[in-house]
Amino acid sequence: MIQITKNIALKSIALSDTRALYLLMKEVYPLAYKHFWKDDGTWYVENQYSKENIEKELSETEASYYFVLFNNEIVGNLRIVWNQPLLGLEAKKSVKLHRIYLHAITHGKGVGKQLISWIETRAKSKGFDMIWLDAMDEQPQAFQFYKKLGYQYHSHEFLDYDLLFDEVRKMSQLYKIL
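Residues numbered from 1 in each chain as written. Predicted model: local features only at pLDDT ≥ 70, side-chain atom pairs only at ≥ 80, totals over all residues. Heavy atoms only, no water.

**Observations regarding the overall build of the chain**
Okay, so step 1: Scanning the chain from terminus to terminus reveals five helices and eight strands.
Okay, so step 2: Starting at the N terminus, the α and β elements of the chain follow one another as β-β-α-α-α-β-β-β-α-β-α-β-β.
Okay, so step 3: Over its C-alpha trace the chain gives a radius of gyration of 16 Å, about what one expects of a compact globule, namely 16 Å for 178 residues.
Okay, so step 4: Dimensions of the chain, computed from C-alpha atoms along their principal axes, come out at roughly 40 × 35 × 35 Å.
Okay, so step 5: In the chain, the share of contacts with a sequence separation of at least 24, taken over all contacts with a separation of at least 6, comes to 62%.
Okay, so step 6: By element, 50% of the accessible surface of the chain is carried by carbon and sulfur atoms, the whole surface being about 9,500 Å².
Okay, so step 7: One way to put it: in the chain the 23 positive side-chain charges average out to a point 9 Å from where the 22 negative ones average out. (Helix = DSSP H or I, 4+ residues; strand = E, 2+ residues; numbered from the N terminus. Rg over C-alpha atoms; globule rule 2.2 N^0.38 Å. Contact = heavy atoms within 4.5 Å. Areas by Shrake-Rupley, 256 points an atom, 1.4 Å probe, with all protein chains shown as cover. Lys, Arg positive; Asp, Glu negative; His and termini not counted. Charge placed at Lys NZ, Arg CZ, Asp CG, Glu CD.)

Shown next, in the form of structure tokens:
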């Protein structure tokens, strides 16, 4: 267990946690993104949080995967990929914040801000120059959150998932020099 603050902690996700992670994301993901999908996000959760995909992600040696706990309750997940270059900025030693999903009950309580601060501190201590992430353009609150924390726009791509509505396919890469 990694204690971030008095109320926020991280617990490493193990192979035995695949079902718990799936059930958590079946609740958390649709609260934020169901309006992006023709099936309310069911396909995405089934695909990204399948036992096979989680096992694959847990086997990656350059990644760290955690449950996020708030007041001792699991409220989300966080995945970091160390040594993950951002196209166009390969000269920087980079970390990718691959996933950060938090239950709506944590919004406005500083949980996301504390987690980002912890990641930045940890990355600096490991000799990394930059952190980057993908953010959906149609989630303006996320863009404002990262902008307030010093992240900048770098580039974007369009997701090609069949069940994703056309108007929400744009995903931008944001970065911060440490």
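**Some remarks on the environment of His 156**
Okay, so step 1: Along the chain, His 156 falls in strand 7 (residues 152–158).
Okay, so step 2: Linking His 156 and Thr 5, residues 151 residues apart in sequence, is a C-alpha distance of 33 Å.
Okay, so step 3: When sequence neighbours within four positions are dropped, the list of residues in contact with His 156 reads Lys 170, Met 171, Ser 172 and Gln 173.
Okay, so step 4: Within the structure, His 156 has its side chain in polar contact with the side chain of Tyr 153 (distance 2.5 Å). (Polar contact = N/O pair within 3.5 Å; in protein donor to acceptor, adjacent residues only side chain to side chain.)

**Some words on the sheet that holds strand 1 (residues 2–3)**
Okay, so step 1: Spatially, 1-2-3-4-5-6-8-7 is the arrangement adopted by the eight strands of the open sheet, whose pairing is mixed. Only two strands of the sheet have a single partner each, and these edge strands are strand 1 and strand 7. (Pairing = 2+ DSSP bridges.)

**Structural notes on unusual backbone geometry**
Okay, so step 1: One non-glycine residue, Asn 72, lies in positive phi territory at about 65°.
Okay, so step 2: Relative to the elements of secondary structure, Asn 72 occurs in the loop between strand 3 (63–70) and strand 4 (73–82).
Okay, so step 3: Residue Asn 72 is classed as exposed on the basis of its relative accessible area, which comes to 75%.
Okay, so step 4: Located in the positive-phi region is Asn 83, a residue other than glycine, with phi close to 60°.
Okay, so step 5: Looking at the secondary structure, you find Asn 83 in the loop between strand 4 and strand 5 (94–102). (Buried < 20%, exposed > 50% of the residue type's maximum accessible area, 1.4 Å probe, protein only.)

**What to know about the pairing of strand 2 (residues 8–12)**
Okay, so step 1: Pairing of strand 1 with strand 2, which is carried by two bridges, proceeds in the antiparallel orientation. Looking across to strand 2, one finds that Gln 3 is bridged to Ala 9.
Okay, so step 2: The antiparallel hairpin formed by strand 1 and strand 2 contains four residues in its connecting segment.
Okay, so step 3: For strand 2 and strand 3, the ladder comprises five bridges, and the chain directions are antiparallel. Within strand 3, the position partnered with Ile 8 by the bridge is Phe 70.

**What to know about helix 1 (residues 18–33)**
Okay, so step 1: With 16 residues, helix 1 should cover 22 Å at 1.5 Å per step; its first-to-last C-alpha distance of 21 Å lies within 8% of that length.
Okay, so step 2: Its maximal kink placed at Met 25, helix 1 deviates by approximately 30°.
Okay, so step 3: Buried within helix 1 are the following residues: Thr 18, Leu 21, Tyr 22, Leu 24, Met 25, Val 28, Tyr 29, Pro 30 and Tyr 33.
Okay, so step 4: Buried residues along helix 1 sit in contact with helix 2 (42–48), helix 3 (51–59), strand 3, strand 4, strand 5 and strand 6 (130–136). (Expected span 1.5 Å × (residues − 1). Bend = angle between axes of the 7 residues up to and from the residue.)

**Observations regarding the environment of Phe 67**
Okay, so step 1: Tracing the backbone through its elements, the reader meets Phe 67 in strand 3.
Okay, so step 2: With a relative accessible area of 2%, Phe 67 lands in the buried category.
Okay, so step 3: Sequence separation of Phe 67 and Tyr 22 is 45 residues, and the distance between their C-alpha atoms is 12 Å.
Okay, so step 4: The contacts of Phe 67, once residues within four sequence positions are left out, are Ala 9, Leu 10, Lys 11, Ile 13, Asp 17, Ala 20, Leu 21, Leu 24, Ile 74, Gly 76 and Asn 77.

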